[in-house]
Amino acid sequence: MTSYSSMKMASEAKQTEEKKQMDRRKALVVLVLRHLCDHGYIDSAEKLSTESQVSLATVDVADNIDLLTILQEFEDYYEMRFQRKPKLTRR
């Protein structure tokens, strides 16, 4: 009995974690779509929307958030924590 219940709990925990990951991926796609549209990359946004099957007509970012704000807050946090700027790109 204990084995069954522990397996069931582990399975439910795994499903919850997978759903959380899927929600994060969808939120990231929505953020990128909004960023592309706001900066004039309409064709790219349309292609991403088609490929990801996520539309800004059905879901959009919250009023107080955008991709640049997230990046800036991450850079500020990283610099505060590690006393150096994060390396986001490489050559």
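Before reading on, note that the structure itself is shown above.
Residues numbered from 1 in each chain as written. Predicted model: local features only at pLDDT ≥ 70, side-chain atom pairs only at ≥ 80, totals over all residues. Heavy atoms only, no water.

**Student:** Describe in detail the overall build of the chain, supporting the description with residues and values.
**Tutor:** Across its full length, the chain holds three helices and zero strands. Shown N-terminal to C-terminal, the secondary structure of the chain runs as helices and strands in the order α-α-α. A compact globule built from 91 residues should have a C-alpha radius of gyration of about 12 Å, whereas the chain, at 19 Å, is more than 25% larger. Along the first, second and third principal axes, the C-alpha set of the chain runs to 60 × 40 × 30 Å. Buried residues in the chain amount to 11% of all 91 residues. Look at the contacts in the chain between residues 6 or more apart in sequence, and 42% of them connect residues 24 or more apart. Taking the 15 positively charged and 15 negatively charged side chains of the chain as two groups, their mean positions are separated by 9 Å. (Helix = DSSP H or I, 4+ residues; strand = E, 2+ residues; numbered from the N terminus. Rg over C-alpha atoms; globule rule 2.2 N^0.38 Å. Buried < 20%, exposed > 50% of the residue type's maximum accessible area, 1.4 Å probe, protein only. Contact = heavy atoms within 4.5 Å. Lys, Arg positive; Asp, Glu negative; His and termini not counted. Charge placed at Lys NZ, Arg CZ, Asp CG, Glu CD.)

**Student:** Which residues make up the pattern of salt bridges, and what values go with them?
**Tutor:** A side chain of one charge can pair with a side chain of the opposite charge if their charged atoms are brought near each other. Tallied over the entire structure, the rule returns five salt bridges. The shortest N-O distance in the salt bridge between D60 and R34 comes to 2.9 Å. Here R34 lies in helix 1 (residues 2–38) and D60 lies in the loop between helix 2 (42–52) and helix 3 (67–82), a separation of 26 residues in the sequence. On the basis of relative accessible area, R34 is assigned to the partly exposed category, the value being 21%. Across the pair K85 and E79 runs a salt bridge whose closest N-O atoms are separated by 3.2 Å. By relative accessible area, which is 32% here, E79 ends up partly exposed. Salt bridges sharing common partners tie together R34, D38 and D60. (Salt bridge = Lys/Arg side-chain N within 4 Å of Asp/Glu carboxyl O.)

**Student:** An account of the packing of aromatic side chains is requested, with residue identities and associated values reported.
**Tutor:** Tallied over the entire structure, the rule returns two aromatic pairs. Summarising the aromatic geometry, the rings of F74 and Y78 are spaced 5.8 Å apart at their centres and angled 45 degrees between planes, so their arrangement reads as tilted. Placement of the pair is F74 and Y78 together in helix 3, with a separation of four residues, close to one helical turn. With a centroid separation of 4.7 Å and 50 degrees between ring planes, the pair formed by Y78 and F82 is classed as tilted. Pair noted here: Y78 and F82 are both in helix 3, with a separation of four residues, about one helical turn. (Phe/Tyr/Trp six-rings, centres within 6.5 Å; stacked < 30°, edge-to-face > 60°.)

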